[in-house]
Amino acid sequence: QRERQQICQKRCQMQDSGQQQCQRRCMQQLEQGELDINTSRDPEQKLEQCQQSCQSRQQGQQQQLQQCRQQCAQQLSQRERQQICQRRCQKQDSGQQQCQRRCMQQLEQGELDINTSRDPEQKLEQCQQSCQSRQQGQQQQQQCRQQCAQQLSQRERQQICEQRCQRQERGDQQQKQQCQRSCQQQLEQGQQGEGQNYRREREDQQSRGQSQMNNPYYFPSEMFQQKFRSQEGGMYVLERFTKNENKLLRGIRNYRLAIFEAKPNTFVLPHHCDAESIFVVINGRCTCTMLMQDNKESFNMEMGDVLRVPAGATVYLVNNNNDQTLRIAKLKQPVNTPGRFEEFFPASSQDLDSYFNVFSDDILESAFNTSSDQLQRVFGQQQQRRQGMVMRASPQQLQALSQHASSPRSKGRQSGKGPFNLRNQKPIQANEFGKLFEARPEKFDQLQDMDVSVTCVEVNNEAMMLPHYNSKAIFVVLVVEGSGRVEMACPHMASQSQMGEEEEEEQQQGEQMKVTADVSEGDVFVVPAGHPIAIVAQNNNNDRQNQQLKMLGFGINAQNNKRNFIA
């Protein structure tokens, strides 16, 4: 009893008034096991830990939760409460005194949630969650959300909007800037749904993450990893299809999917790759030059063009467009190490190493018939000038690099090495609900070596690509634009959930498991051969009610594949 009294006397001695009442409440909380001891000298940490204990004890009881928070604040001295509010308002760009008065009032009423997180998005989310639970009226909730945003500094608000609009990074720069301006305006006005929208985004991301864990055929856009990056562009590679011991996609373990980007008026350094590749332009225009031995060919390419690039061919690209970012989807089949490919650059830059740098000076001198000093000056100047795989170039340089380029376009059989346009082909399916274009290896010689088909699917909003399956091709599908839902039947996941690896080949399979994924721009999903699948276009963006769901598909093992519609 004496020890309990000492604890409560010490906790209440800094109370300006009502010490006896504080001690009685303290003794009662000790006896009921409701008192959390916090020896921290930081008043904000003390208050935060006390409020966390309130949150855990008073779940679903809003009135008791608020009273508990009031008691937490009352256990602090006036000086400590002032310190908390001064600290919370010191980052306020203006109106600090008004902010402190409002903070003190919220503390006394048990309405201030303490969150010492350094992440401004989390701080705003937790503050807006408290608005949702405390304020019943619509106008009161909006005012509360405004106060949450005002407690953040201008820099923190900018960080929040940059995070929320980061998905626009690989899209149009103007859309990204518009997104950030709209976000800032909504924050300042405390518009309905701003906190809810972020929570919904977080929940969607968690749901997508859970779907990713349970769905081995779905790869969200976040699973693209940066391979090369500069201010002017870069390349992103999807993680391996068999990562995390995913045995269901062993048939495509030697294939990789990559996205390449180059901003307007840029040049991509010459390089070759130890992988067979198929390039498909999904946005913008470019000039692509390929060198094989003594043969050099340049092609003007536009959206929808498909080009076969053999392993070892030296390639460089020019984006001489003034306003469009070049985006190319690449399917790669490595020739050295299964599932792994590398680019080789003859020229150095700050983040790329020239393969010439590994050779001894005497070998380079003999090969180029040039002194080592001259070679060092040349390579050194290259490294100082160039800053990454993608460089900005002058109009004169871009024009010189684009000279003598051809623009082959044909709707018939393609037997040459140049590109063909997928959308120039007659669609194999077309009606008021969408279109399906396909280039098959039986018709296009460029696709025969890799035994790959290329498809373009356009589904109008609220329309569906009917359930179907492919007889032998495995399709890797990239969502180029829009959003939708995928549903697929899979017996393999059902059998995996019921048996171990040793029994896999002998187990009789009869049960089908439903595999679903909500997909959006940049996501990838895989459709194994024989698996029935349906795709529905569903737009969640109210600003784009009529946006199509556009998808690019690479069919692996495509020779003589049959697409069978079952409805």
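Check the entry above for the structure.
Residues numbered from 1 in each chain as written. Predicted model: local features only at pLDDT ≥ 70, side-chain atom pairs only at ≥ 80, totals over all residues. Heavy atoms only, no water.

> Outline the pairing of strand β18 (residues 464-470), supporting the account with residue identities and numerical values.
Inspection of the sheet shows β18 paired to strand β23 (residues 533-537) by three bridges, in the antiparallel sense. By the bridge assignment, histidine 468 is partnered in β23 with isoleucine 533. (Pairing = 2+ DSSP bridges. Helix = DSSP H or I, 4+ residues; strand = E, 2+ residues; numbered from the N terminus.)

> I'd like a description of helix α2 (residues 19-31), backed by residues and values.
With 13 residues, α2 extends 18 Å from end C-alpha to end C-alpha; this agrees with the ideal 18 Å at 1.5 Å per step. Those residues of α2 not exposed but buried are Cys22, Arg25, Cys26, Met27 and Gln29. (Expected span 1.5 Å × (residues − 1). Buried < 20%, exposed > 50% of the residue type's maximum accessible area, 1.4 Å probe, protein only.)

> Describe in detail the packing of aromatic side chains, supporting the description with residues and values.
Inspection of the entire model under this criterion finds six aromatic pairs. Between phenylalanine 267 and tyrosine 316, the aromatic rings sit 5.9 Å apart at their centres with planes inclined by 65°, giving edge-to-face as the arrangement. With phenylalanine 267 in strand β5 (residues 266-273) and tyrosine 316 in strand β10 (residues 314-319), this residue pair connects regions lying 49 residues apart in the sequence. By relative accessible area, phenylalanine 267 is classed as buried at 11%. Relative to phenylalanine 356, the ring of tyrosine 355 lies with its centre 4.9 Å away and its plane at 55°, an arrangement referred to as tilted. Put simply, the rings of Tyr355, Phe356 and Phe368 touch in pairs and so form one group of aromatic residues. Its guanidinium or amino end placed over the ring of phenylalanine 341, lysine 227 lies 5.1 Å from that ring's centre, counting from NZ or CZ. Here lysine 332 stacks its cationic end above the ring of phenylalanine 341, 5.2 Å away from the centre of that ring. (Phe/Tyr/Trp six-rings, centres within 6.5 Å; stacked < 30°, edge-to-face > 60°. Lys NZ or Arg CZ within 6 Å of the ring centre and 35° of its normal.)

> For the pattern of salt bridges, give the residues involved together with the corresponding values.
Inspection of the entire model under this criterion finds 13 salt bridges. Its salt-bridge partner being glutamate 302, residue arginine 285 comes within 3.2 Å of it at the nearest N-O pair. Here arginine 285 is found in the loop between β6 (275-283) and β7 (286-292), whereas its partner glutamate 302 is found in the loop between β8 (295-301) and β9 (305-309), with 17 residues between them in sequence. Its relative accessible area of 46% is what places arginine 285 among the partly exposed residues. The closest approach of N and O atoms between glutamate 487 and lysine 514, which form a salt bridge, is 3.6 Å. Note that glutamate 487 is positioned in strand β20 (residues 483-490) and lysine 514 in strand β21 (residues 513-520), a separation of 27 residues in sequence. Each of Glu438, Arg440, Glu442 and Arg563 takes part in salt bridges that share partners, so that together they form one network. (Salt bridge = Lys/Arg side-chain N within 4 Å of Asp/Glu carboxyl O.)

> Let's hear about the sheet that holds β6: which residues, and what values?
With antiparallel pairing, the seven strands of this open sheet are ordered in space as β2-β3-β4-β11-β6-β9-β14. Here the strands that pair on one side only, and so sit at the sheet edges, are β2 (224-230) and β14 (420-421). One ladder, built from six bridges, connects β2 with strand β3 (residues 233-238); its direction is antiparallel. Looking across to β3, one finds that phenylalanine 224 is bridged to leucine 238.

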